[in-house]
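Listed below, chain by chain, are the residues.
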Amino acid sequence: MCSVAEIRLRKLVDEREKMIEQVKKLKAQLEQKTPRNGTENTLSPDGEILENGNDPNIMELHRDSNRQISDFKFKLVKAEQEVTALEQNVTRLEGQVTRYKSASENAEKVEDELKAEKRKLQRELRSALDKVDEVESNNSHLSKRLEKMKSTRGMAQTP
């Protein structure tokens, strides 16, 4: 069962991993482009020797890299917060599924018990109706015999 929250969570985790990898690559590029001790001489595009890495292009690249790193860090924090929120949502929804599942099972159990009770009552009703028919038939038969006896007795008394 793959819910929308799980899909979004996976996408965010993938995006987070890509961002972390990109931050690592940018840091590696930055380390390669900036001198290790800061005292090395560099050449500007005009062929001038600049000391301490003061080339405007390098400074601009450094600022852009720092800006990108800050943006990626912000996106990473935001993605982690969303992942946390989605994980909490998944946990809450799993709890709801568990509760609904147990309620459904209980309802099915009660439904089965009610069906069994209904069948039992219908059997008892059929049995009672059969007995009523039998008693009515017996009563009718006895009433006819009584009438017959009365009529026979009435004829025997009249000479």
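Rules behind the numbers
- Residue positions within a chain follow its written sequence, with the count starting from 1.
- The predicted origin of the model limits local features to residues at a pLDDT of at least 70 and limits the giving and counting of side-chain atom pairs to 80 or more, whereas totals for whole chains, interfaces and linings rest on all residues.
- The basis for the side-chain values is all heavy atoms of the structure; hydrogens and waters are excluded.
- Computed over the protein atoms alone on a 1 Å grid, cavities are sets of points where a 1.4 Å probe fits but cannot get out and pockets are open sets with protein on both sides within 12 Å along at least five of seven lines; a residue lines them when it has an atom within 4 Å of a point.
- Grid points are joined across faces, edges and corners, and a volume is the space filled by probe spheres set on the points.
- Where helices and strands are cited, they refer to DSSP runs of H or I of at least four residues and of E of at least two residues respectively, numbered from the N terminus.
- In this classification, the charged set is Asp, Glu, Lys and Arg, the nonpolar set is Ala, Val, Leu, Ile, Met, Phe, Trp, Tyr, Cys and Pro, and all remaining amino acids, among them Gly, are polar.
- Each patch is assembled from residues with relative accessible area greater than 30% and no salt bridge, linking like charges that lie within 9 Å and nonpolar side chains (Val, Leu, Ile, Met, Phe, Trp, Tyr) that lie within 5 Å.
- The method behind every accessible area is Shrake-Rupley, applied with a 1.4 Å probe, and residues are considered shielded solely by the protein chains displayed.
- In what follows, salt bridge is the name for a side-chain nitrogen of Lys or Arg lying within 4 Å of a carboxyl oxygen of Asp or Glu.
- Charged-residue counts in this description rest on Lys and Arg as positive and Asp and Glu as negative, His and the chain ends being excluded.
- Charge positions come from single atoms, namely NZ of Lys, CZ of Arg, CG of Asp or CD of Glu.

- An unreviewed UniProt entry lists the protein under the name Leucine-rich repeat flightless-interacting protein 2, with Pogonophryne albipinna as the source organism.

### A word on empty space enclosed by the protein
Here's step 1: Under the criterion given, the structure shown has one cavity of 30 Å³ or more.
Here's step 2: Reported here for the largest cavity is a volume of approximately 40 Å³.
Here's step 3: Surrounding the largest cavity, Leu30, Lys33, Thr34, Ile58, Leu61 and His62 form its lining.
Here's step 4: Mapped by element, the contributors of at least two residues to the lining of the largest cavity are α1 (4-33) and α2 (56-157).
Here's step 5: Here the element with the most residues in the lining of the largest cavity is α2; it accounts for three residues.
Here's step 6: Split by residue class, the lining of the largest cavity holds three nonpolar, two polar and one charged.

### Considering a positive patch on the surface
Here's step 1: A contiguous patch of positive charge on the surface is contributed by Arg119, Lys120, Arg123 and Arg126.
Here's step 2: On the secondary structure map, Arg126 appears in helix α2.

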